[in-house]
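What follows is each chain in one-letter form.
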Amino acid sequence: MQTITFRPSTAEDAAHIGANLREADIKELSLSNPGEQPGALVEASRGWSVWSRTAEIDGVPAVIFGVTPSHLKGWGVPWLLATDAAMPVARRMVRQCHTQVADMHLEYEFLHNQVHRENEVSIQWLRWLGFTIGTVPCGPGDEFLMFWKRG
């Protein structure tokens, strides 16, 4: 069985994951940030975050996530980006992420962001973690759905 370890993220983690993103995450980043390089956005997201964590699988960074301040007072913006290496252990990993979401709620009562409407894995992860997924398309080209959670 593969070992999953969570720890604070480093710039090296962001660079590794940014260079090995899942296609769904590349598409989501490209649509929401036209003209920006997905790998650079991973590193920027880590830098903007109040905190960020990396999930390693057998010692190799596979998932990076965190929470950034929102323009809305009391709200945080959670984000998560992954490599294909995360997919075989996705269910086990998400079960362990409830604690990480609880840590986000220590900073912010409310969490909100957008997910690409075709990013089925991320939508399923969000549901497993207790987020509500909106049904009305939003964002650039109406390609996204809002998600939110109250602590």
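Each residue is numbered by its place in its chain's sequence as written, counting from 1. Residue-level local features of this predicted model are given only where pLDDT is at least 70; pairs of side-chain atoms are given and counted only at 80 or more, and the full residue set underlies all totals for whole chains, interfaces and linings. Think of the side-chain values as coming from all heavy atoms in the structure, minus any hydrogens and water.

1. As for the overall build of the protein chain
Step number 1: Summing up its helical and strand segments, the protein chain has six helices and seven strands in all.
Step number 2: Each helix corresponds to a stretch of at least 4 residues labelled H or I by DSSP, and each strand to a stretch of at least 2 residues labelled E; elements are numbered beginning at the N terminus. Mapped from its N terminus to its C terminus, the protein chain presents α and β elements in the order β-α-α-α-β-β-β-α-α-β-α-β-β.
Step number 3: Throughout, the radius of gyration refers to the C-alpha atoms, and the reference size of a globule is 2.2 Å times the residue count to the power 0.38. Computed over C-alpha atoms, the radius of gyration of the protein chain comes to 14 Å, within 12% of the 15 Å expected from 2.2 N^0.38 for 151 residues, which places it in the range of a compact globule.
Step number 4: Scored against the burial criterion, the 151 residues of the protein chain give a buried share of 46%.
Step number 5: Only the protein chains shown count as cover for residues, with accessible areas throughout obtained via the Shrake-Rupley method and a probe of 1.4 Å. Total accessible area on the protein chain stands at roughly 7,700 Å², and carbon and sulfur atoms take up 54% of it.
Step number 6: For this count, His and the chain ends are skipped, Lys and Arg are scored as positive, and Asp and Glu as negative. Charge positions are represented by NZ for Lys, CZ for Arg, CG for Asp and CD for Glu. Here the protein chain contributes 13 positive and 17 negative side-chain charges, whose respective centroids are spaced 8 Å apart. Burial here depends on accessible area, computed with a 1.4 Å probe over protein chains only, as a share of the maximum for the residue type. Under 20% is buried, over 50% is exposed, and the range in between is partly exposed.

2. Some words on the nonpolar core
Step number 1: Residues grouped as a nonpolar core are buried Ala, Val, Leu, Ile, Met, Phe, Trp, Tyr and Cys residues, joined through side-chain atoms within 4.5 Å. Residues Val63, Ala86, Met93, Leu111 and Phe131 are the most contacted members of the largest nonpolar core, which totals 28 residues.
Step number 2: For this core, the elements supplying multiple residues, two or more each, are β2 (51-57), β3 (60-69), α4 (90-96), α5 (98-107), β5 (110-116), α6 (120-128) and β7 (144-150).
Step number 3: With four residues, the single largest contributor to this core is β3.
Step number 4: Setting aside its immediate chain neighbours within four residues, phenylalanine 131 contacts Pro78, Val101, Leu111, Leu126, Phe147, Trp148 and Lys149.
Step number 5: In this structure, Ile17, Leu21, Ile64 and Trp79 belong to the second largest nonpolar core, which totals nine residues. Residue contacts are defined here by distance: any two heavy atoms, one from each residue, within 4.5 Å place the two residues in contact.

3. Describing the packing of helix α2 (residues 23-32) against helix α3 (residues 38-48)
Step number 1: As a packed pair, α2 and α3 sit with axes 9 Å apart at the nearest point and diverge in direction by 85°. With respect to their mutual orientation, α2 and α3 come out roughly perpendicular. Judged by residue contacts, Ile26, Leu29 and Ser30 of α2 engage Pro38, Leu41 and Val42 from α3.
Step number 2: Polarity classes work like this: nonpolar for Ala, Val, Leu, Ile, Met, Phe, Trp, Tyr, Cys and Pro, charged for Asp, Glu, Lys and Arg, and polar for all others, with Gly in that last group. Grouping the amino acids of the contact of α2 with α3 by side-chain chemistry returns five nonpolar, one polar and no charged. Axes here mean lines fitted to C-alpha atoms, for a helix over just the part in contact, with angles spanning 0 to 180 degrees between N-to-C directions. Oblique is the label for any angle not under 35 degrees, not over 145, and not in the 65 to 115 range, which are roughly parallel, roughly antiparallel and roughly perpendicular in turn.

Function-wise, these values are silent; they only describe arrangement.
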